[in-house]
Amino acid sequence: MELPWLGEHCSERACKQLDFLPLKCDACGEVFCKDHIRYDDHRCSSAYKKNVQVPVCPLCNVPIPVQRGEVPDIVVGAHMDNDCKYNPAQQKQRIFTNKCLKPGCKRKEMMKVVCEQCGGNFCIKHRHPLDHDCKGSSHPTSKAGYAALMRASHTAFKPAGAIGVPSNGSLQHNRCR
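Conventions adopted
- Residues numbered from 1 in each chain as written.
- Predicted model: local features only at pLDDT ≥ 70, side-chain atom pairs only at ≥ 80, totals over all residues.
- Heavy atoms only, no water.
- pLDDT = per-residue confidence, 0-100.
- Helix = DSSP H or I, 4+ residues; strand = E, 2+ residues; numbered from the N terminus.
- Patch = residues over 30% accessible without salt bridge, like charges linked within 9 Å, V, L, I, M, F, W, Y side chains within 5 Å.
- Areas by Shrake-Rupley, 256 points an atom, 1.4 Å probe, with all protein chains shown as cover.
- Salt bridge = Lys/Arg side-chain N within 4 Å of Asp/Glu carboxyl O.
- Buried < 20%, exposed > 50% of the residue type's maximum accessible area, 1.4 Å probe, protein only.
- Contact = heavy atoms within 4.5 Å.

## So, the confidence of the model for the protein chain
Within the protein chain, residue pLDDT values average 78, and 76% of them lie at 70 or more. Mean pLDDT values for the elements of the protein chain range from 50 in strand S8 (residues 172-173) up to 93 in strand S4 (residues 31-32).

Here it is as structure tokens:
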């Protein structure tokens, strides 16, 4: 053996393998090789401290408390017979229930997409007031949206050589170049 001070020997009596990457059992604190690290493989005397499993009801997905010495299958069976809150109708609940109110659209969304102006429920495609011909108010609630609409409507009616006066007060001539 060239480097006997490296690594540690497995604590399993039958093994005693020199392991350069030994693993320490978190229950008993002894060092083992990869073949004996599991509680069952080295018959760990302290496994009861760490090897605690909480069974979950397969119907309602609720953790079931089990006392020491009780068989988990019997306790879960008793829960299913007496205390289980399983609702078979709950499984058939539909996720996409919010139907778009735009005439002709049959899309449904998982979450409500409500228009701020008319209060209608629409799909993602028709969520904006201009996309569903909103009758809620005369202009969008956001100032940026209102300003964009006003700019679009003013440029549509201006002749080609009109003079525009921006908000900073400087004059500018709008000509096609």
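## Comments concerning a nonpolar patch on the surface
A surface patch of nonpolar side chains, about 520 Å² in accessible area, is lined by Trp5, Leu6, Phe20 and Leu21. One can find Leu21 in the loop between strand S2 (18-19) and strand S3 (23-24). Since its relative accessible area comes to 69%, Leu21 is described here as exposed.

## Quick look at the side chain of Glu12
Its location among the elements puts Glu12 in the loop between strand S1 (8-9) and S2. Classification of Glu12 by relative accessible area gives buried; the value is 11%. Discounting chain neighbours no more than four positions away, the residues touching Glu12 are Phe32, His36, Asp41, His42 and Arg43.

## Considerations on the pattern of salt bridges
Under the defined criterion, the tally for this structure stands at 5 salt bridges. In this structure, Arg43 and Glu12 form a salt bridge, with 3.4 Å as the shortest nitrogen-oxygen distance. Linking Arg43 in the loop between S4 and helix H1 (47-50) with Glu12 in the loop between S1 and S2, this pair joins segments that are 31 residues apart in sequence. Lys102 is paired through a salt bridge with Asp133; the nearest N and O atoms lie 3.5 Å apart. With Lys102 in the loop between strand S5 (98-99) and strand S6 (108-109) and Asp133 in the loop between S6 and helix H4 (143-157), this pair connects stretches of sequence that are 31 residues apart.

## A short note on unusual backbone geometry
Despite not being glycine, Lys16 shows a phi value in the positive range, around 55°. The topology assignment puts Lys16 in the loop between S1 and S2. For Lys16, a relative accessible area of 46% corresponds to the partly exposed category.

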